[in-house]
Amino acid sequence: MSIPLSWYLFLAAALFCTGLYGALSRRNAIAILLGVELMLNAVNVNLIAFWRYLDLRPNDPAPMNGQAFAVIVFAVAAAEVAVGLALILSVYRRRKTVAADEVNLLKW
Amino acid sequence: MTAEQGLFLCAAAFTLASAVMVVSARRLIHAALWLIAVLSGVAILYALLQASFLVVVQVVIYIGAIAVLFIFAIMLTRRQTDHDAPSRWTRRAPAFLISLLTLGALSGIVLAFPEAGRLPPPMPPDLDAVNALGAALLSPTGAAAYAGVLFHESYVLPFEVASVLLLAALVGAIYLATTERRRRES
């Protein structure tokens, strides 16, 4: 075990920023959701790295809280994808488009 | 450089290269397939961090359910997504700038973090991580014992709130995705 914690943190930061670029630069709503998925995965890498490096120290009062956080992030990510893709399909059925900037039903 | 560092660097390079392909692939179905590669790379990282339960969750839920859901959604909106025109540079340049600034800010935080150079503590020999996670998430008292000490960390309430959120989201997703005609017929 010779990997410093910062390696994981830098990797997660790079993954997060790649996802951020995807979410901001794409026109297609499904591609935006793909970018959001990358960002959520980067957050989970951070949580698990902190669990392994900081929660498992001897005499830590709560040795599993990093993993518990990650499991809850998993559940929220699944909910987000289900609602997001259902919304995109519903919009596609009505407007025949999935481009995020052509959907202006709620704009005024 | 130890074998473990080499393994980490290979997994990290694979994950990041696949992530770049996800945000730059012209055809959306290719982006979704590259997302599966990213998710597998992240599963390798979880395995390196010895989070065995989360490796399984990553493969079963993310690759098995979420990635397949994406592929279905892309196929159902195929006419639009088949040839996704690249967005204009006026859209890409600010996005690139913002993500570069975010990367700089996050790297600054990591560099300023005093524990960033820390090496992992040895795995507690009698910690059954899957069992302890189950106790923390499901048992009302959250009693899990390891190294002769009884721990009381209980996340029952947040976990149940998350499951109610997931249930509500799935009911809402089914409602949104059903056509109105089908709804009237039933």
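Residues numbered from 1 in each chain as written. Chains lettered and ligands numbered in written order. Predicted model: local features only at pLDDT ≥ 70, side-chain atom pairs only at ≥ 80, totals over all residues. Heavy atoms only, no water.

Q: Please explain the overall build of chain B as it appears in this structure.
A: Counting its secondary structure elements, chain B contains 8 helices and 2 strands. Taken over 186 residues, chain B has a buried fraction of 37%. When the accessible surface of chain B is summed, it comes to about 10,700 Å², and 72% of that surface belongs to carbon and sulfur atoms. (Helix = DSSP H or I, 4+ residues; strand = E, 2+ residues; numbered from the N terminus. Buried < 20%, exposed > 50% of the residue type's maximum accessible area, 1.4 Å probe, protein only. Areas by Shrake-Rupley, 256 points an atom, 1.4 Å probe, with all protein chains shown as cover.)

Q: Explanation requested: the environment of Ala135(B) in the structure shown.
A: All names here are of chain B. Secondary-structure assignment places Ala 135 in helix α6 (residues 129–138). With relative accessibility at 13%, the residue Ala 135 sits in the buried group. Considering only alpha carbons, one finds Ala 135 and Ala 19, 116 residues apart in sequence, at a separation of 35 Å.

Q: Before we go on, may I ask you to explain the packing of helix α1 (residues 5–25) of chain A against helix α1 (residues 3–24) of chain B in this structure?
A: Helix packing geometry: the angle between the two helix axes and the distance between the axes. Where α1(A) meets α1(B), the axes come as close as 9 Å, and the angle between the chain directions of the two elements is 10°. Classified by the angle between their axes, α1(A) and α1(B) sit roughly parallel to one another. Taking contact as the criterion, the partners of Trp7(A), Tyr8(A), Leu11(A), Ala14(A), Leu15(A), Thr18(A), Tyr21(A) and Gly22(A) in α1(A) are, on α1(B), Gln5(B), Phe8(B), Leu9(B), Ala12(B), Thr15(B), Leu16(B), Ala19(B), Val20(B) and Val23(B). A class-by-class count of the residues in the contact of α1(A) with α1(B) yields 13 nonpolar, 4 polar and no charged. (Axes fitted to C-alpha atoms, helices over the stretch in contact; angles between N-to-C directions. Parallel < 35°, antiparallel > 145°, perpendicular 65-115°, else oblique. Contact = heavy atoms within 4.5 Å. Nonpolar A, V, L, I, M, F, W, Y, C, P; charged D, E, K, R; others polar.)

Q: How should the interface of chain B and chain A be read in this particular structure?
A: Many authors give the size of an interface as the accessible area that is lost as the parts come together. Taken residue by residue, the interface counts 90 residues in chain B and 76 residues in chain A. With both sides pooled, the region where chain B packs onto chain A buries about 7,900 Å², and carbon together with sulfur makes up 75% of that total. Summed over the shared surface of chain B and chain A, the number is 0 salt bridges. Here chain B is connected to chain A by 14 residue pairs in polar contact (both at pLDDT 80 or more). Listing elements by their share of the side of chain B that touches chain A, those giving two or more residues are α1, α2 (28–48), α3 (52–76), α4 (78–81), α5 (89–112), α6 and α7 (156–177) of chain B. (Buried area = accessible area lost by both parts, 1.4 Å probe. Salt bridge = Lys/Arg side-chain N within 4 Å of Asp/Glu carboxyl O. Polar contact = N/O pair within 3.5 Å; in protein donor to acceptor, adjacent residues only side chain to side chain.)

Q: Looking at this structure, how should I read the packing of helix α2 (residues 29–55) of chain A against α2(B)?
A: Between α2(A) and α2(B), the shortest axis-to-axis distance is 11 Å and the interhelical angle comes to 5°. It follows from the interaxial angle that α2(A) and α2(B) lie roughly parallel. Across from Ile30(A), Ala31(A), Leu34(A), Glu37(A), Leu38(A), Asn41(A), Asn44(A), Val45(A) and Ile48(A) in α2(A), the residues of α2(B) making contact are Leu28(B), Ala31(B), Ala32(B), Leu35(B), Val38(B), Leu39(B), Val42(B), Leu45(B) and Tyr46(B). Partitioning the contact of α2(A) with α2(B) into residue classes produces 15 nonpolar, 2 polar and 1 charged.

Q: Would you mind showing me how to read α3(B) here?
A: Side chains three or four residues apart in an α-helix point the same way, a direct result of the helix having 3.6 residues per turn. For α3(B), which comprises 25 residues, the first-to-last C-alpha distance of 35 Å matches the rise-based estimate of 36 Å (1.5 Å per residue) to within 8%. Residue Tyr62(B) marks the point of greatest curvature in α3(B), where the axis turns by about 30°. (Expected span 1.5 Å × (residues − 1). Bend = angle between axes of the 7 residues up to and from the residue.)

Q: When you look at the environment of Trp51(A) in this model, what are you seeing that I'm missing?
A: Checked against the element boundaries, Trp51(A) lands in helix α2. In this structure, the C-alpha to C-alpha distance between Trp51(A) and Ser90(A), residues 39 residues apart in sequence, is 39 Å. With near-sequence residues (within four places) excluded, Trp51(A) lies in contact with Leu56(A), Pro63(A), Met64(A), Gly66(A), Gln67(A), Leu49(B), Gln50(B), Ala51(B) and Met123(B).

Q: What is the right way to read the pattern of salt bridges from this model?
A: A side chain with one charge can pair with a side chain of the opposite charge if their charged atoms come near. Scanning the model with the defined rule gives 1 salt bridge over all chains in all. Measuring nitrogen to oxygen at the nearest pair gives 2.8 Å for the salt bridge that ties Glu115(B) to Arg118(B).

Coordinates in, geometry out; function isn't part of it.
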